[in-house]
Amino acid sequence: MSIKLEHVNYLYSPGTAYERMALKDICLEIQQGEFVGIIGHTGSGKSTLIQHLNGLIRATGGNVYYNGENIYREGYPMRELRSQVGLVFQYPEYQLFEETVLKDVCFGPKNQGLPQEECEKRAREALKLAGLKEKYEQYSPFDLSGGQKRRAAIAGVLAMRPRVLVLDEPTAGLDPKGRDEILDQISYLHREGGLTVILVSHSMEDVARYADRIVVMNGGEILYNGTPKEVFAHYRELEKIGLAAPQVTYIMHDLQEKGMKVRTDVTTVEEAADEIMAALGRGK
Amino acid sequence: MESMVHTENLVFEYEKQDEENHVIGRSRAIDEVNIDIREGQFVAILGHNGSGKSTLAKHLNAILLPTQGTVWVNGQNTRQPEKLWNVRQSAGMVFQNPDNQIIGTVVEEDVGFGPENLGVETDRIWERVEESLRAVGMIEYRYHSPNKLSGGQKQRVAIAGVIAMRPKCIVLDEPTAMLDPVGRREVLRTVEELRRQEKVTVILITHYMEEVIDADRVFVMDHGRVVMEGTPREIFSQVELLKRYRLDVPQVTILADKLRKRGLPIPAGILKKEELVELLCRLN
């Protein structure tokens, strides 16, 4: 079970003055059950890339395989793919439109042609998975808080029972607590539900904390693809392309420069604390 | 120092309406707020989604008028209709989404829109446009189309549009929420420059704790009230309390806090990585 991109190119507005290569020769394989972070500055191709994963954008070159099958072959069940690979867009709460939260979340399964009862069952299940309490089912989506709206929008995708959840900056504009709650919920779905998660983020701290693997996009190409430790070791190169390492990584580099015997491949606060205590001879 | 913004028992209530537009209740978004911001200060306002930050900001240039209490901006009561334009010219606003506040088809036209509306003569408008674009480091883009700019560049254009009106105070409502790390840095550096070079009073509303460590004063809002007020160090010393208000502290502050709890002699309220690195090196 995997998603595989083979030499994918995407040419934007071909034949016009706006023609631009948005993706260049992307080769990427994501296995079922992985938690992958995608980082890159605005315009680096992240959003274009993720829209290839469920066939929303068709590559102008190369192929995309879902579970070994070429999704561009004739007669490929594209609808099925779109429910298996759920895409949560940026600011998804702007796409809520129904009278009640429950109806809104039913929209996906209803489109899958399921009977009303089954739709509601799946919607309720999805709301629970997204961490939205039952009492909100009959609320108008517009009466929810920012964080709750975003949960409702994520539930709308979960109701289609995807195997892969792709999220484009799911925490943009949320307060710190709301951000942690959403990310913890996503992490729970990944851990407990075996869901593959692909997270596009501008927060280096967040991808360092949650992702097993980080893909760095730059100018439509993959610049790095590795564990957080491997990727953030290139912090100077990352800065050149508008990114950075988590703040703790910089602290470790500074400490080492000043003669403290610490590792510099540290990407989370917990690791940093352990490493500093050990270096000071006050290990656990 | 003169008072730039002063509020006395400021209250703002929304009317809740049912589907037939009958008032069914009132909800208090701002609850007895008393703040005083001096000319030339850099003040940050923190608070979770729905805490009343943006509602407060909208009172500072009379987009909203108080339900009770009074707001003075640059000595002018915002409630007096004849002062409206003076108030709006004193306090310029920059919002979260750059795409919603750029209207011109060419960068310089967009920046000229504000002064033109104020009735500034044409020659003077062009002078101001040039000055403002220089101040935000965007002069080389004056003939470009705004929609081809990055998020950070667009926000800088939006800021130029505000400073072209020569405000004494600039209110930024989550100006970096939609930006990548480089965009964020560009905007913050611009704001810092304005403060130092042009002596503009800056009021920054944000969810990013790292952005407020250089502020002169920080206000924390919760349920429409100002619940904490102090220097960044005073505020960020209270990690637990901030968490209760759904906020956070910078990563370096969390790390310092963890190390202190594990027995290292580190004071509360560490804000910069340089401080922590120096302390740790002394312990080494």
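These numbers come from a predicted model, not from an experiment.

(A) Expanded view of the overall build of chain B. When helices and strands are counted, chain B shows ten helices and eleven strands. Computed over its C-alpha atoms, the radius of gyration of chain B comes to 20 Å, within 12% of the 19 Å expected for a compact globule of 284 residues. Projecting the C-alpha coordinates of chain B onto the three principal axes gives extents of approximately 65 × 50 × 40 Å. Burial status across chain B gives 53% buried among its 284 residues. Sequence-distant contacts in chain B: of pairs separated by 6 or more residues, those separated by 24 or more amount to 63%. The averaged location of the 43 negative side-chain charges in chain B is 5 Å from the averaged location of its 37 positive side-chain charges.

(B) Layout of the packing of aromatic side chains. All names here are of chain A. Enumeration over the complete set of coordinates arrives at six aromatic pairs over all chains. Geometrically, the ring pair formed by phenylalanine 35 and tyrosine 210 is stacked, given 6.5 Å between the ring centres and 20 degrees between the ring planes. Of this pair, phenylalanine 35 sits in strand S3 (residues 35-39) while tyrosine 210 sits in helix H7 (residues 204-210); the two residues are 175 residues apart in sequence, bridging distant segments of the chain. When sorted by exposure, phenylalanine 35 lands in the same class as tyrosine 210, which is buried. Measuring from centroid to centroid gives 5.4 Å for tyrosine 235 and tyrosine 250, while their planes differ by 90 degrees, and the two rings are edge-to-face. Of this pair, tyrosine 235 sits in helix H9 (residues 235-240) while tyrosine 250 sits in helix H10 (residues 247-257); the two residues are 15 residues apart in sequence, bridging distant segments of the chain. Side by side, tyrosine 235 and tyrosine 250 carry an identical accessibility label, which is buried. Stacked on the ring of tyrosine 12, the Lys or Arg arginine 20 has its end atom at 5.8 Å from the ring centre. Lying across the ring of tyrosine 91, arginine 150 places its NZ or CZ 5.3 Å from the centre.

(C) Quick peek at the nonpolar core. One finds Val216(A) and Phe232(A) to be the most contacted residues of the largest nonpolar core, which totals 50 residues. With six residues, helix H5 (residues 146-158) of chain A is the largest single contributor of residues to this core. Residues in contact with Val216(A), not counting those within four places in the same chain, are Ile39(A), Glu221(A), Ile222(A), Leu223(A), Tyr224(A), Val231(A), Leu238(A), Ile241(A) and Leu243(A). The next biggest cluster of nonpolar side chains, apart from the first, holds 45 residues, and it includes Val120(B), Met138(B), Val191(B) and Leu271(B).

(D) The arrangement of the confidence of the model for chain B in detail. Residues with a pLDDT of 70 or more make up 100% of chain B, whose mean pLDDT is 90. Both confidence scores are given for the complex: pTM 0.85, ipTM 0.82.

(E) Broad picture of the interface of chain A and chain B. With 40 residues of chain A in contact, the opposing surface of chain B contributes 34 residues. In terms of surface lost to chain B, no three residues of chain A exceed Asp175(A), Gln247(A) and Val269(A), which account for 16% of the buried area on that side. Across the contact surface, chain A and chain B share six salt bridges. Two residues, Arg179(A) and Asp248(B), come together in a salt bridge whose shortest N-O distance is 2.7 Å.

(F) Here's a closer look at the side chain of Thr249(A). Along the chain, the position of Thr249(A) falls in helix H10. Setting aside its immediate chain neighbours within four residues, Thr249(A) contacts Phe232(A), Thr264(A), Val266(A) and Thr267(A).

(G) Spotlight on the sheet that holds strand S5 (residues 69-70) of chain A. Residue and element names in this part refer to chain A. Strand order in the open sheet formed by four strands is S2-S1-S4-S5, and the pairing between neighbours is antiparallel. For this open sheet the edge positions go to strand S2 (20-31) and S5, each flanked by a neighbour on one side alone. Pairing between strand S4 (residues 61-66) and S5: two bridges, direction antiparallel. Residue pairing for S5: tyrosine 66 is matched across the bridge by glutamate 69.

(H) Summary view of the environment of Ile159(B). All names here are of chain B. Within the secondary structure, isoleucine 159 is located in helix H5 (residues 151-163). C-alpha separation for the pair isoleucine 159 and proline 98, spaced 61 residues apart in sequence, amounts to 9.8 Å. Not counting the four nearest positions on each side in its chain, isoleucine 159 is found in contact with Val94, Val136, Ile170, Leu172, Val187, Val191 and Leu194.

(I) Spatial organisation of helix H4 (residues 116-129) of chain A. Residues and elements named next belong to chain A. Taking 1.5 Å per residue as the helical rise, H4 with its 14 residues ought to reach 20 Å, and the 20 Å between its terminal C-alpha atoms agrees with that figure. Turning to H4, its buried residues number three or more, namely Cys119, Arg122, Ala123, Ala126 and Leu127. The buried residues of H4 occupy one face: seen down the axis, they fall within an arc of 140 degrees. When the buried face of H4 is taken as reference, the exposed residues oriented beyond 90 degrees from it are Glu117 and Lys128.

(J) Up close: the environment of Gly193(A). All names here are of chain A. One can find glycine 193 in helix H6 (residues 176-193). With a relative accessible area of 48%, glycine 193 lands in the partly exposed category. Along the primary structure glycine 193 and aspartate 175 are separated by 18 residues, whereas in three dimensions their C-alpha atoms are 26 Å apart. Beyond its immediate stretch of four places on either side in the chain, glycine 193 contacts Arg163 and Tyr188.

(K) Seen up close, the layout of surface pockets. Here the second largest pocket is characterised by a volume of approximately 1,600 Å³. Elements represented by at least two residues in the lining of the second largest pocket include exactly H5 of chain A together with strand S1 (3-17), strand S2 (23-33) and helix H1 (53-59) of chain B. Considering only residue class, the lining of the second largest pocket consists of ten nonpolar, 18 polar and 13 charged.

(L) Highlighting empty space enclosed by the protein. Residues and elements named next belong to chain A. Applying the stated criterion across every chain, the model contains two cavities of 30 Å³ or more. Taken as a whole, the largest cavity holds about 40 Å³ of empty space. Put simply, the parts of the chain that give the lining of the largest cavity at least two residues each are H5 and H6. In terms of residue count, H6 provides more of the lining of the largest cavity than any other element does, four residues in total. Tallied by class, residues from the lining of the largest cavity come to seven nonpolar, one polar and one charged. Taken as a whole, the second largest cavity encloses approximately 30 Å³ of empty space.

Scoring rules and cut-offs
Residues numbered from 1 in each chain as written. Chains lettered and ligands numbered in written order. Predicted model: local features only at pLDDT ≥ 70, side-chain atom pairs only at ≥ 80, totals over all residues. Heavy atoms only, no water. Helix = DSSP H or I, 4+ residues; strand = E, 2+ residues; numbered from the N terminus. Rg over C-alpha atoms; globule rule 2.2 N^0.38 Å. Buried < 20%, exposed > 50% of the residue type's maximum accessible area, 1.4 Å probe, protein only. Contact = heavy atoms within 4.5 Å. Lys, Arg positive; Asp, Glu negative; His and termini not counted. Charge placed at Lys NZ, Arg CZ, Asp CG, Glu CD. Phe/Tyr/Trp six-rings, centres within 6.5 Å; stacked < 30°, edge-to-face > 60°. Lys NZ or Arg CZ within 6 Å of the ring centre and 35° of its normal. Core = buried A, V, L, I, M, F, W, Y, C linked by side-chain atoms within 4.5 Å. pLDDT = per-residue confidence, 0-100. Buried area = accessible area lost by both parts, 1.4 Å probe. Salt bridge = Lys/Arg side-chain N within 4 Å of Asp/Glu carboxyl O. Pairing = 2+ DSSP bridges. Expected span 1.5 Å × (residues − 1). Arc of directions from axis to C-beta. 1 Å grid on protein atoms, 1.4 Å probe; cavity = no way out; pocket = protein on both sides within 12 Å on 5 of 7 lines; lining within 4 Å. Points joined across faces, edges and corners; volume = space filled by probe spheres on them. Nonpolar A, V, L, I, M, F, W, Y, C, P; charged D, E, K, R; others polar.

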